[in-house]
Amino acid sequence: MWIFGWKGASGFSACSTAEQVTQGIDGTGLTAIVTGASSGIGAETARVLALRGVHTIMAIRNLEAGKNVAEAILKEIPTAKIDVMQLDLSSMTSVRKFASEYISSGFPLNILINNAGIMATPFMLSQDNIEMQFATNHVGHFLLTDLLLETMKRTARESNQEGRIVNVSSEGHRFAYREGIRFEKINDESGYISLCAYGQSKLANILHSSELSRRLKEDGVNITANSLHPGSIATNLLRYHSIVNEALSMHCVSYW
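The rules behind these values
Residues numbered from 1 in each chain as written. Predicted model: local features only at pLDDT ≥ 70, side-chain atom pairs only at ≥ 80, totals over all residues. Heavy atoms only, no water. Salt bridge = Lys/Arg side-chain N within 4 Å of Asp/Glu carboxyl O. Helix = DSSP H or I, 4+ residues; strand = E, 2+ residues; numbered from the N terminus. Buried < 20%, exposed > 50% of the residue type's maximum accessible area, 1.4 Å probe, protein only. Pairing = 2+ DSSP bridges. Axes fitted to C-alpha atoms, helices over the stretch in contact; angles between N-to-C directions. Right-handed = clockwise from strand over helix to strand, strands pointing away. pLDDT = per-residue confidence, 0-100. Contact = heavy atoms within 4.5 Å. Core = buried A, V, L, I, M, F, W, Y, C linked by side-chain atoms within 4.5 Å.

This part takes up the pattern of salt bridges. Tallied over the entire structure, the rule returns 10 salt bridges. Ionic pairing is found between Lys 153 and Glu 150, a salt bridge with its closest N-O pair at 3.6 Å. A residue pair is termed a helical-turn pair when its members lie 3 or 4 positions apart in one helix, as Lys 153 and Glu 150 do in helix H5 (residues 132–159) at three residues. For Glu 150, a relative accessible area of 48% puts it in the partly exposed group. Across the pair Arg 214 and Glu 211 runs a salt bridge whose closest N-O atoms are separated by 2.6 Å. Residue Arg 214 and its partner Glu 211 are both found in helix H6 (residues 194–218); the two are separated by three residues, about one turn of the helix. Judged by its relative accessible area of 42%, Arg 214 is partly exposed. Glu 211 gets classed as partly exposed once you look at its relative accessible area, which sits at 29%. It is possible to trace a salt-bridge network through shared partners that takes in Glu 19, Glu 44, Arg 47 and Glu 76.

Below is the structure:
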């Protein structure tokens, strides 16, 4: 019911903004990490969290771009608490370095928003020899979450406030390969279809959230883990998208 501006059960629609959804919420005292916060949804998420008083850490690959966004947020919201830290999710070394530096900082962690991602890229391998979309969209975020989980658990206990882990997935998970996740063929260039590989990585996000949620609940930990589809967006996520990829996506659908 939320399409075309119709309001759903929440009272919000696809036309609702982040500011509208968070109206009246005071996030003072909370700390959040937002990956991919130098543009698009990530930048707006960081801005609105800061607007609501949340200490926001922008985890970004391009430091210069991140600092520009942070400066723009501070210009609009002089009282904002913003930090910029470098994180390249396609590199496990970078993920481990980020997590180590974050833990060493002594910052608490109430909210982890795994937002960064790439879509429909030409075939390429990460520094760790993993197909780039799967490495960036899933493996990097999986490792980051695992490394920061104890910090989140401690924060939830000490603050007596529910922690939140949000994996930004996509309805594109429906267009994964017919087998779902090709664990044995992640790096198979010969069978690579860019949008199917994207769907595969987004399916992994959902499965990660589902299993993590189950384990947290089973262990009695006051942290929720969810995945979401952010809606159709016009951001630089689509920079690799083309008519050719549209045609390939139809091939993926036929697989399904």
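Moving on to the sheet that holds strand S4 (residues 111–114). One open sheet holds the six strands; their spatial order is S3-S2-S1-S4-S5-S6, and the pairing between them is parallel. Two strands close off the open sheet at either side, each with one partner strand: strand S3 (82–86) and strand S6 (223–228). Between one strand axis and the next, the sheet turns by 15 degrees as a mean value, whatever way the strands run. In the sheet, strand S5 (residues 163–168) pairs with S6 via six bridges, with the strands oriented parallel. Within S6, the residue paired with Val 168 across the bridge is Leu 228.

What follows is about the pairing of strand S1 (residues 31–35). Counting buried residues in S1 gives five out of five residues, a clear majority hidden from the surface. Where burial is concerned, the two faces of S1 agree: the one with Thr 31, Ile 33 and Thr 35 and the one with Ala 32 and Val 34 are both buried. Note: S1 against strand S2 (residues 55–60), five bridges, orientation parallel. The residue of S2 that forms the bridge with Ala 32 is Thr 56. The β-α-β motif built from S1, the intervening helix H2 (residues 40–51) and the parallel element S2 has right-handed crossover chirality. Of the pairings in the sheet, the one linking S1 to S4 comprises three bridges and is parallel in character. What sits directly across from Ala 32, in S4, is Ile 111.

This part covers the confidence of the model for the protein chain. Across the protein chain, the average pLDDT comes to 87, with 85% of residues at or above 70. Per-residue pLDDT stays below 50 along residues 234–240; that stretch engages in 14 contacts with residues further than four places along the chain or on separate chains. This model gives residues 243–256 a pLDDT under 50, and the stretch forms 21 contacts once residues within four places in sequence are excluded.

Judged by nonpolar contacts, the single largest core of 25 residues is most densely connected at Ile 33, Leu 87, Phe 98, Tyr 102, Leu 144, Leu 148 and Ile 165. At the level of elements, S2, helix H4 (92–105), H5, H6 and S6 are the ones that each hand at least two residues to this core. Element by element, the count of residues in this core is highest for H5, at six residues. Excluding residues that lie within four positions of it along the chain, Leu 87 makes contacts with Thr 35, Ala 59, Ile 60, Arg 61, Ser 94, Val 95, Phe 98 and Leu 144. Counting residues in each nonpolar core, the second largest holds 21 residues, with Ala 46, Val 54, Met 58 and Ile 111 among its members.

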